[in-house]
Structure formats: structure tokens, C-alpha cells
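Each chain, written out:
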Amino acid sequence: MKHEIKKGVYWVGAVDWNLRHFHGYTYSTRRGTTYNAYLVVDDKIALVDTVEANFADDLIRHIKEVIDPGKIDYLIANHAEPDHSGGIPRILELAPNATLIYSRKGADSFGKYYPPHDKTTIVKTGDSVSLGHKTLQFIEAPMLHWPDSMFTYIPEDALLLPNDAFGQHLATSYRFADEGPEQLVWDEATAYYANILTPFGPMVIRKIEELQKLGLNIDTIAPSHGLIWRKDPMRIVHQYVSWARGDAGPKVIIAYETMWGATDRLAHAMADGIVSEGLEVKIFHAPETDHTDIISEILGAKGVIFGSSTHNQYMLPHIASLMHEVKGLKFPKKLGAAFGLKGWAGGAVPEIEKDLKEAGFEVAMEGLAALKWQLSDDEWSQGVEFGRTFAQKVKAAL
Ligand code: FEO
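Residues numbered from 1 in each chain as written. Predicted model: local features only at pLDDT ≥ 70, side-chain atom pairs only at ≥ 80, totals over all residues. Heavy atoms only, no water.

## A word on the overall build of the protein chain
Here comes step 1: When its secondary structure is counted, the protein chain shows twelve helices and 23 strands.
Here comes step 2: In terms of C-alpha radius of gyration, the protein chain reaches 24 Å, essentially the compact-globule figure of 21 Å for 398 residues.
Here comes step 3: On the principal axes, the C-alpha backbone points of the protein chain span a range of 80 × 40 × 35 Å.
Here comes step 4: By residue count, 58% of the 398 residues in the protein chain fall in the buried class.
Here comes step 5: Counting only contacts in the protein chain whose residues sit at least 6 apart along the sequence, the fraction spanning at least 24 positions is 72%.
Here comes step 6: Accessible surface computed for the protein chain: about 16,500 Å², of which carbon and sulfur atoms make up 51%.
Here comes step 7: Averaged over its 40 positive side-chain charges, the protein chain has a centre that lies 3 Å from the centre of its 52 negative ones. (Helix = DSSP H or I, 4+ residues; strand = E, 2+ residues; numbered from the N terminus. Rg over C-alpha atoms; globule rule 2.2 N^0.38 Å. Buried < 20%, exposed > 50% of the residue type's maximum accessible area, 1.4 Å probe, protein only. Contact = heavy atoms within 4.5 Å. Areas by Shrake-Rupley, 256 points an atom, 1.4 Å probe, with all protein chains shown as cover. Lys, Arg positive; Asp, Glu negative; His and termini not counted. Charge placed at Lys NZ, Arg CZ, Asp CG, Glu CD.)

Written out as C-alpha cells, the structure is:
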């Protein structure tokens, strides 16, 4: 079935219903994904991006529903990561005279992934290719989300093809965001930003400012994953700016790992204190919650408290794994704190505090580290008070 998203512009990608992990095992894609490729048919014909290699048959079948793939004149490769470039060898087999186009940084990445192609053109921001009535304009977008990433813009169609930016990992039979369940689309867009783009917030802001200065007229944003933004397309752009700035709500996330249950009880005592200050709180036991979900929740929360029992002088392994991810993501403008019970010797709380600092969090208060073995009623009150004090600091920082 043909999917014409604009006159002469076709979605020719693939839906991966069964993908459950992305970027290795760092991101759980429980709802699959799509690899979006777009065929632009004019006097000349361009294919913008391809698909993951195992889905190249789908790509070629979709192209054949519109034109003979041998007629492709330009293959635009916005980004070398294999989920978008894996179909390049098959397309160049069918269209050996096509010109392969990628960014200046792409010279490194594509050169390593694929053998040299005789007709290759390297482009920079401001370069363009005329297809006849339509023009492909190129905008380098380093770190959204790799150094080689670039956007392709078709001014005649007010259509932005931003590759990985503004996407969602969501397999559906719909092609447009306004056709699908709105909350689900936004939940997946949130997870996508939180788990992939969070470290690149300053670049996100700069790139969006640059797009605004270029004065692009945009009425449709067609990313390389998930659904196409056609209704109010700038909403996702403005949301990206907000996330990149570190805007967050009156919410606290408590993520922890417990050995014999006392650190779990302390988490719940803290939650009581946070709620008493009027803030929303969510509690996650790290071994039993997908870290992709915890990270998605952290994006919208001003405060995060991490906890762990001490085991062999260190924090427990699942919370350590979560802290490792949080250190890499570098969420902006978050307040953090640490807690955890110990047995004979401690170690987890100072270790978490060190990680919080490395992650760029402001450590809002000294961690709750002195409690041992089980939580007495008096100590429960200490936990409530800790939560209350942390919530007050979060409210002051909002
Ligand atoms: Fe950077 Fe969708 O790959």
C-alpha cells in the first residue's frame, strides 16, 4: 500500500513490530519501532534514508509500489547508524548510478560502515540539490544524535526530515501522529528524548534556534522513527526545547534497591514526607522496573532520590546500573539525594552521592546513611522528615 505523505513524497520505510531492545540493551522498545525512509519523486528521484538491513526487502517493495528503484538519482543518508543506513548496499546495487549524499562528519562513519561508492557527494548546511520542482536542502545537526547527523528539508512542501530527532520507538499501522492514540505517542516521544537525547540538550537548543533563524516554514515533521507530526508539528519542537532546558514539574522520583526490605520501607517513609508537602511522588524498585521507564519518569521530575542497601561496601548492582545510565545522560537542573540502610558497614550512600555529582545533579542535602538493619518507628519518622525536607528544597527550586 502506498503512503503518500505529501504530493510526490512517499513513506517507504519498514515497521519492526518485534524490536524489544535498542542501542544494545540500553533502551527497551516494548512497542517496537519503525525505520522511516522517504521517496521524493520529481523530475529527479531521491530516497531519504533507508532501513535496518534485515528490512531492506520491505523498503524495496515499498519503493517498487511507486517507481523502479533503478531510477533513484540521489540517496540521502542523514545518519550512518545501521537502523537507517543498513539498506544502502541493496539500494546501490539496484541504483548503481545514484549519488550518495551525506554530511562532512559522515565521511568518517559511512567510510567505516560501507565500501566507497564512486558517486558520493559530501554536503554542509546551506547546500542543496534540485530535483526539478522540489529542492532538498541540507542542515547539519551534529549530536542530534551523532556527529554525522543531518536534516533534509524540502521547502516547497514545508517538510522537515530530521532523521532521529523528534522520533518515537513505536510500531503502528498508522503513519501520522494525529491518527494514533495521542497519549501513547507522547509517552513514546518522551521516552525517546529521555533515553537518547538528554545528554545533548545544549545542542538541541542551539539547533532549534538555528532552524528558527533560517526561518524555515514547517508544516510537517517526518522523523526516521515512529509517527509523522502533521497536526501542530511545532509542538514537539517546543517540547524538545523545554526538555533541553531542564523544565520539570513538582514531582519526585524515588529509585532504590533493597536487600532485606528496610531500604524499601525507608523509601515509603520518604514518600509520605514528600506527599505531605503537596508534591507527586513515584517509587521504583530498580531490579523490578525497566530502567527505560525510570529514566522517562526522571525527565519530568525536579527531584530524584536514589537509595540502596550496602552490600560489600558498595551499592547494589541494579541501582548501580541505573546510576551508570544517569551519569551518562546528564539530566540538567535536577536536585538529588541518597539514602539506604546498612548492616555492619556502610558505603552505598556516599557512592550514590558521588555518582549524583558526576551526573550533574545538585545534591540537595546530606544523604540518610546512618541507619542500620531494620527501620524502627522512630527511624520511620526520620525518613518522613527527610522526604519532607527534600520536597521543600524541590519546591524552592521550581
Ligand atoms: Fe541514531 Fe535511529 O539511529
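After presenting the structure, the write-up continues.
## Examining the sheet that holds strand E16 (residues 220-221)
Here comes step 1: With respect to topology, five strands assemble into an open sheet ordered E12-E13-E14-E15-E16, the strand pairing being mixed. Edge positions in the sheet fall to strand E12 (128-130) and E16, since each has one partner strand and no second.
Here comes step 2: Judged from the four bridges that link them, strand E13 (residues 135-140) and strand E14 (residues 150-154) form a sheet pairing that is antiparallel. Bridge pairing links Gln 137 to Tyr 153 in E14.
Here comes step 3: Sitting on the sheet, helix H6 (residues 201-214) is in contact with E13, E14 and strand E15 (159-161), with an inclination near 145° to E13. (Pairing = 2+ DSSP bridges. Axes fitted to C-alpha atoms, helices over the stretch in contact; angles between N-to-C directions.)

## Details of the domain arrangement of the protein chain
Here comes step 1: Under the domain assignment, the protein chain is made up of domain 1 (3-245) and domain 2 (253-397).
Here comes step 2: Between the C-alpha centres of domain 1 and domain 2 there is a distance of 38 Å.
Here comes step 3: Residue-level contacts link 14 residues of domain 1 with 13 residues of domain 2.
Here comes step 4: Summed over both sides, the interface between domain 1 and domain 2 buries roughly 1,100 Å², with carbon and sulfur atoms accounting for 52% of that surface.
Here comes step 5: At the junction of domain 1 with domain 2, the criterion picks out two salt bridges.
Here comes step 6: Between Arg 30 and Asp 293 there is a salt bridge, with the nearest N and O atoms lying 2.7 Å from each other.
Here comes step 7: Remark: the boundary between domain 1 and domain 2 carries seven residue pairs in polar contact (both at pLDDT 80 or more).
Here comes step 8: Residue assignment for the side of domain 1 that touches domain 2 shows that the elements contributing at least two residues are strand E5 (27-28), helix H5 (182-197) and helix H7 (234-245). (Domains from an automatic or database assignment. Buried area = accessible area lost by both parts, 1.4 Å probe. Salt bridge = Lys/Arg side-chain N within 4 Å of Asp/Glu carboxyl O. Polar contact = N/O pair within 3.5 Å; in protein donor to acceptor, adjacent residues only side chain to side chain.)

## Quick notes on the pairing of E13
Here comes step 1: Of all six residues making up E13, five are buried, and the element is well covered by its neighbours.
Here comes step 2: In terms of strand pairing, E12 meets E13 through three bridges, oriented antiparallel. Paired with Ser 130 across the bridge in E13 is Thr 135.
Here comes step 3: The hairpin turn running from E12 into E13, its antiparallel successor, is four residues long, and Gly 132 in that turn takes a positive phi close to 125°.

## Brief notes about the packing of helix H8 (residues 262-276) against helix H12 (residues 377-397)
Here comes step 1: Following both chains from N to C, one finds H8 and H12 inclined at 45°, their axes separated by 6 Å at the closest point. In terms of axis orientation, H8 runs oblique to H12. Helix-helix and strand crossings are classified by hand; for H8 and H12 the assignment is right-handed. Here Arg 265, Leu 266, His 268, Ala 269, Met 270, Asp 272, Gly 273, Ile 274 and Ser 276 of H8 lie close against H12, whose contacting residues are Trp 380, Gly 383, Val 384, Phe 386, Gly 387, Arg 388 and Ala 391.
Here comes step 2: Its residues placed into classes, the contact of H8 with H12 shows eight nonpolar, five polar and three charged. (Parallel < 35°, antiparallel > 145°, perpendicular 65-115°, else oblique. Left-handed = near helix turned anticlockwise from the far one by under 90°. Nonpolar A, V, L, I, M, F, W, Y, C, P; charged D, E, K, R; others polar.)

## Focus on the sheet that holds strand E10 (residues 99-103)
Here comes step 1: Taken in spatial order, the seven strands make up an open sheet running E1-E2-E7-E8-E9-E10-E11, and their pairing is mixed. Pairing within the sheet leaves two strands with one partner each, and these edge strands are strand E1 (3-6) and strand E11 (120-123). With strand direction ignored, the average angle separating the axes of adjacent strands in the sheet is 25°.
Here comes step 2: Relative to strand E8 (residues 45-48), strand E7 (residues 38-41) runs antiparallel, the two being bridged by four bridges.

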